[in-house]
Amino acid sequence: MIMDFLSVLQFAFVQRAFLGGCVIAVLCAILGLFLVLRKMSLIGDGLSHVSFGAVALGLLANMSPLYVALPLVVLASFAILKLTEKARLYGDAAIGIVSALGIAGGVILASVSRGFNVDLFSYLFGSILSIGNEELVLAVALSAVVLVVVAVFYNDLLAVTFDEEYARVSGIKTARVNMLLMALTAVTVVLAIRVVGIMLVSALLILPAATALQLARGFKGALLISALAAVTAVIVGICISIVLDLPAGGAIVAVNLVFFLAALGVKKAVG
Amino acid sequence: MSAVITVEQLSARYNSVDVLQEISFEASAGDYIGVVGPNGAGKTTLIKAMLGLVDISGGSVKLFGEKLQCFSQWHKVGYLPQRANFSLLFPASVKEIVGLGLLTQKRTPKRLGSGDEALIDEALELLGIGSLRKKLIGELSGGQQQRVLLARALVAKPEVLFLDEPTAALDPQIRESFFDTIRALNQDARVAVLLVTHDLGEIGQHAAKLLYVDKRVVFYGKFSDFCVSAEMTDYFGTHSQHLICHQHR
């Protein structure tokens with residue numbers, strides 16, 4: 001059985017799944033920490049629902065869903081921000097509005113097309129094992145861009161996340177930092193759909209961050225723990241999925257949940 | 001002496017209600033001004049308007065001679081908000097939080113160096129919380145958190161300090177030490193201080209000037225002038241004026 005498993009690991013599609021999954025998991029883990037601490041965890045849900053509509057549009061137009069979803073989801077993330085600022089709505093209501101719009105659009109487009117429901121299903125529940133070369137290159141390239149941007153603006157993001165008002169008095173352009181965080185989250189959500197699917201994207205953003213918050217003794221430590229937990233969950237989750245023939249997305253989220261519960265247990269035991 | 005703060009005809013509205021009406025005053029280096037007034041008088045709004053944190057409906061604010069809209073020398077400004085607006089779950093250490101106060105001096109990518117570590121340690125020692133540097137902010141008491149946020153406000157060695165109800169969470173002993181620190185900064189480094197409080201008696205022990213706000217400026221001047229002002233006697237009554245002034249030194 002071990003030999004069978006090791007031979008499966010030699011397949012290019014499995015190697016692509018591990019590489020793509022790990023890179024995207026790191027993104028989700030890092031941005032997730034900022035989002036969870038800003039009480040914006042559910043933005044992952046909202047933007048993934050917009051992705052549903054965007055993917056449906058891409059399939060209907062016979063274009064790559066990823067390329068259609070990227071700009072649309074980034075625009076949706078700015079819409080959430082503007083609704084919060086201009087329409088005097090709390091963030092959850094703004095996310096709810098944009099999210100509902102995405103789902104409604106997707107359902108209508110799916111109904112109109114009648115032909116691509118099977119493809120849409122793979123986006124709903126993820127299919128990391130079917131990630132292609134082109135998608136992998138795009139995921140790695142975009143991930144590199146996101147990570148560099150986070151590294152460059154690390155202290156701005158930290159300041160705004162900790163205390164937005166004080167960050168403004170520090171001369172930080174908080175509106176720009178908020179837009180940056182939204183755009184990075186939108187890109188990450190679109191990439192993460194391939195790993196765990198539209199239905200489970202928010203788990204990839206929230207669970208590693210929640211795990212890190214139980215154990216970390218500093219912000220950089222929290223980012224590191226969050227990233228390590230997320231990458232380990234992807235590797236273990238894909239392995240479980242191969243061995244037990246389970247959906248990879250569900251397995252990855254389940255492993256993340258186990259890590260969170262273990263961290264909670266450790267925290268209770270220690271302190 | 002050039003003005004550190006110049007406020008001219010400043011007005012602010014919230015939900016169509018006037019919160020501040022044509023406030024004007026000026027503060028210079030070395031001024032220690034107690035900003036007082038009844039609840040809902042607009043004290044916090046005034047501080048926030050001077051820092052660009054709330055929209056104003058009229059008038060202007062200048063910091064160090066520069067219009068607020070163009071102001072960029074934020075390293076000269078220290079701010080301690082009334083309520084710390086952060087999550088107790090936040091996994092940042094005291095050192096990391098205080099370090100945020102140094103970002104005003106940095107260009108993107110804002111990185112802290114070894115010299116900054118020394119400044120952070122100096123600010124923590126000044127406030128007697130050096131031993132807490134590795135603690136998480138959420139593990140501290142309200143009073144300790146307040147001192148960490150004051151350290152963040154002081155770490156860049158500002159030339160003006162905006163303090164909004166800074167002693168509300170502090171016990172009497174720490175309050176005294178807090179006021180000693182502020183007095184030393186004010187007198188030795190000539191840092192201008194604007195301190196909002198609802199405790200008129202206490203501020204008289206520390207501030208040299210009084211800015212009494214009740215949506216508009218009721219009084220602005222030296223505490224000693226306030227205490228002999230017949231106009232203020234008419235406004236407050238002899239008893240209240242005496243209560244405000246009896247602790248002034």
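**A closer look at the packing of helix α3 (residues 43-60) of chain A against helix α11 (residues 201-215) of chain A**
Residues and elements named next belong to chain A. In the contact formed by α3 and α11, the axes pass within 8 Å of each other and the chain directions differ by 160°. Taken as axis vectors, α3 and α11 run roughly antiparallel relative to one another. Helix-helix and strand crossings are classified by hand; for α3 and α11 the assignment is right-handed. Counting all contacts with α3, which are made through Gly44, Asp45 and Ser48, the residues of α11 involved are Val201, Ser202 and Leu205.

**Comments concerning the packing of aromatic side chains**
Considering all chains together, one arrives at 16 aromatic pairs over all chains under this definition. Note on Phe219 of chain A and Phe90 of chain B: the rings are 5.5 Å apart at their centroids and 15° apart in plane angle, and the pair reads as stacked. Of this pair, Phe219 of chain A sits in helix α12 (residues 219-244) while Phe90 of chain B sits in the loop between β6 (77-80) and α2 (94-99), each in a different chain. By relative accessible area, which is 0% here, Phe219 of chain A ends up buried. Considering the side-chain rings of Tyr212 of chain B and Tyr235 of chain B, the 6.4 Å spacing of their centres and the 70° angle between planes classify their relative orientation as edge-to-face. In this pair, Tyr212 of chain B is assigned in strand β9 (residues 209-214) and Tyr235 of chain B in helix α8 (residues 230-236), connecting sequence segments 23 residues apart. Clustering of aromatic rings is evident, with ring pairs tying together Tyr212, Phe219, Phe223, Phe226, Tyr235 and Phe236 of chain B. The lysine or arginine in question, Lys76 of chain B, covers the ring of Phe64 of chain B, its NZ or CZ lying 4.8 Å from the ring centre. If you follow Arg152 of chain B out to its NZ or CZ, it ends over the ring of Tyr166 of chain A, 3.5 Å from the centre.

Parameters and conventions
- Residues numbered from 1 in each chain as written.
- Chains lettered and ligands numbered in written order.
- Predicted model: local features only at pLDDT ≥ 70, side-chain atom pairs only at ≥ 80, totals over all residues.
- Heavy atoms only, no water.
- Axes fitted to C-alpha atoms, helices over the stretch in contact; angles between N-to-C directions.
- Helix = DSSP H or I, 4+ residues; strand = E, 2+ residues; numbered from the N terminus.
- Parallel < 35°, antiparallel > 145°, perpendicular 65-115°, else oblique.
- Left-handed = near helix turned anticlockwise from the far one by under 90°.
- Contact = heavy atoms within 4.5 Å.
- Phe/Tyr/Trp six-rings, centres within 6.5 Å; stacked < 30°, edge-to-face > 60°.
- Buried < 20%, exposed > 50% of the residue type's maximum accessible area, 1.4 Å probe, protein only.
- Lys NZ or Arg CZ within 6 Å of the ring centre and 35° of its normal.

The quantities given are spatial measurements derived from coordinates; they are silent on function.
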